[in-house]
Amino acid sequence: MTALHLATAADIERLLPLVRAFHQEAAITVDEDTRVEALRPLLDGSPHGAIWLVGPARAPIGYVVICFGWSIEFGGMDGFVDELYIRPSVRGRGIGTEVLMALPKTLSASGLKALHMEVSRVAVRIQESYRRAGFQPRQDYMLMTRRF
């Protein structure tokens, strides 16, 4: 199984190149200061979320960010997969699926009731991977966002 390591402030230099690569691939336009400013609280132990490095701690091959919330519908704390990235050179080996199957087990022991994620409607291959990890689409729901 792929190793997961809870990231801390000491991991910022290993994490940043992975986050930059994900943002470039996903066409997310965030300047470096904003990126670091968003990561630091999670690396410092914020109760709002956590980051795990995927693979060897000294040379990670990816990362996953889970942000926490509260849901009446799900009966307590829930989480949202904010970002999940695996280096292109190691994709297709089931690593992302392993991560998405391992984290809920760990998080449910801490009281998490549900884990949510968004995926492109046209990314059928990725959707199948998420289904294998136990995620199901909510047919009557759509993620909507308002920026401030």
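Before reading on, note that the structure itself is shown above.
Below you will find a few notes about this structure. (Residues numbered from 1 in each chain as written. Predicted model: local features only at pLDDT ≥ 70, side-chain atom pairs only at ≥ 80, totals over all residues. Heavy atoms only, no water.)

**Here we look at the environment of Q127**
Right, so step 1: The topology assignment puts Q127 in helix α4 (residues 124-132).
Right, so step 2: On a C-alpha basis, the gap between Q127 and L112 in space is 22 Å, while along the polypeptide they are 15 residues apart.
Right, so step 3: Leave out the neighbours within four places in its chain, and Q127 touches V119, S120, R121 and V122.
Right, so step 4: A polar atom in the side chain of Q127 sits 3.1 Å from the backbone oxygen of R121. (Helix = DSSP H or I, 4+ residues; strand = E, 2+ residues; numbered from the N terminus. Contact = heavy atoms within 4.5 Å. Polar contact = N/O pair within 3.5 Å; in protein donor to acceptor, adjacent residues only side chain to side chain.)

**Some points on the sheet that holds strand β1 (residues 4-6)**
Right, so step 1: Spatially, β1-β2-β3-β4-β5 is the arrangement adopted by the five strands of the open sheet, whose pairing is mixed. Edge positions in the open sheet fall to β1 and β5 (114-117), since each of these has one partner strand only. Going from strand to strand, the sheet's axes swing by 30° on average, the running direction of each strand aside.
Right, so step 2: Those strands touched by helix α1 (residues 12-25) are β2 (49-54), β3 (62-71) and β4 (76-86), and its axis lies near 85° from that of β4. (Pairing = 2+ DSSP bridges. Axes fitted to C-alpha atoms, helices over the stretch in contact; angles between N-to-C directions.)

**Notes on the environment of M117**
Right, so step 1: Locating M117 in the fold gives a position in strand β5.
Right, so step 2: Looking at M117, the relative accessible area reads 18%, which means it is buried.
Right, so step 3: Apart from residues lying up to four places away in sequence, M117 is in contact with F80, V81, L100, Y130 and F135. (Buried < 20%, exposed > 50% of the residue type's maximum accessible area, 1.4 Å probe, protein only.)

**Some words on the nonpolar core**
Right, so step 1: V64, I66, V81 and L100 are the most contacted members of the largest nonpolar core, which has 21 residues in total.
Right, so step 2: The set of elements that each furnish at least two residues to this core consists of β2, β3, β4, α3 (95-109) and β5.
Right, so step 3: When residues in this core are grouped by element, the largest group, five residues, is from α3.
Right, so step 4: Leaving out residues up to four positions away in the same chain, I66 has contacts with H48, G49, A50, W52, G79, F80, V81, L103, L107 and L115.
Right, so step 5: Residues A7, I12, L15 and L39 belong to the second largest nonpolar core, which totals 16 residues. (Core = buried A, V, L, I, M, F, W, Y, C linked by side-chain atoms within 4.5 Å.)

**Overview of the pairing of β3**
Right, so step 1: Summarising the sheet, β2 and β3 pair through six bridges and their orientation is antiparallel. Within the sheet, the bridge partner assigned to V54 lies in β3 and is G62.
Right, so step 2: Sheet topology note: the β3/β4 ladder contains ten bridges and is antiparallel. Across the sheet, Y63 pairs through a bridge with Y85, a residue of β4.
Right, so step 3: Count of turn residues in the β3/β4 antiparallel hairpin: four residues, of which G75 carries a positive phi of about 80°.

**Notes on the pattern of salt bridges**
When charged atoms on two side chains of opposite charge get close, those side chains can pair.
Right, so step 1: Scanning the entire structure with this criterion turns up six salt bridges.
Right, so step 2: E32 serves as the salt-bridge partner of R20, at 2.7 Å between the closest nitrogen and oxygen. Taken together, the positions of R20 in helix α1 and E32 in helix α2 (residues 32-43) put the pair twelve residues apart, joining distant regions of the chain.
Right, so step 3: A relative accessible area of 28% means that E32 is categorised as partly exposed.
Right, so step 4: Of the charged contacts in the structure, one is a salt bridge between R131 and E128, with a shortest N-O distance of 3.2 Å. Remark: E128 and R131 occur in helix α4; sequence separation between them is three residues, near one turn of the helix. (Salt bridge = Lys/Arg side-chain N within 4 Å of Asp/Glu carboxyl O.)

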